[in-house]
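Chain by chain, the residues run as shown.
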Amino acid sequence: MDRVRERVGQLQEQAHKKGFEPYLITETPLESVYGKSAESNRQTVAMLAFLILGLLLAGCMVYEKQSGITGLAASAVKGRGVLLSRKVLLAAVCATLVWVVVYGLELRAFLMVCDTKMLSVLAENLALLQNLPISCKISTALIFLYGFRLLALF
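Residues numbered from 1 in each chain as written. Predicted model: local features only at pLDDT ≥ 70, side-chain atom pairs only at ≥ 80, totals over all residues. Heavy atoms only, no water.

Peer 1: Got a minute to help me understand the nonpolar core in this structure?
Peer 2: Generally speaking, nonpolar side chains in soluble globular proteins are found buried as a group. With 25 residues, the main nonpolar core has Leu30, Tyr34, Phe110, Ile138, Leu142 and Leu153 as its most contacted residues. Those elements giving two or more residues to this core turn out to be helix H2 (28-34), helix H3 (39-57), helix H6 (81-113) and helix H7 (138-153). Take this core: its biggest share by element is six residues, from H6. (Core = buried A, V, L, I, M, F, W, Y, C linked by side-chain atoms within 4.5 Å. Buried < 20%, exposed > 50% of the residue type's maximum accessible area, 1.4 Å probe, protein only. Helix = DSSP H or I, 4+ residues; strand = E, 2+ residues; numbered from the N terminus.)

This is the structure we're talking about:
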């Protein structure tokens, strides 16, 4: 009970400083997926995503160099610009698919234990997100998080 009172006091003080309406919400769902307790799991998932993406794209240019057809492919009619743009498009599609599968499972796990009303609360109400430089809802913070993760895969 003392922890709850302490958190209420922190929220009231922070709300007074930053000018938002404080809400006391349970942080267990967010903490279980995005907190310190899940840090090793997040690192494992990130490494798995990079490994899968690396394996999917490893043969994209390496095989051309091994077989010696890089110059031949570049001298073809659509061998430079179009071929390279298609390889980049393939890499982007693969990265997006890996992102959807790997991080989609993480988001699904969070949404199964989270009350959807919690997503519309300001992120400053959570201890995990209280130091964000911008004032936004929890759903917006999650959109930014997953957007940055997608950019990291590119």
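The structure having been displayed, the exposition proceeds.
Peer 1: Hey, could you run me through the side chain of Lys87 in this one?
Peer 2: The topology assignment puts Lys87 in helix H6. Assessed through its relative accessible area of 11%, Lys87 is described here as buried. When near neighbours in sequence (up to four residues on either side) are disregarded, Lys87 contacts Cys60, Met61 and Glu64. (Contact = heavy atoms within 4.5 Å.)

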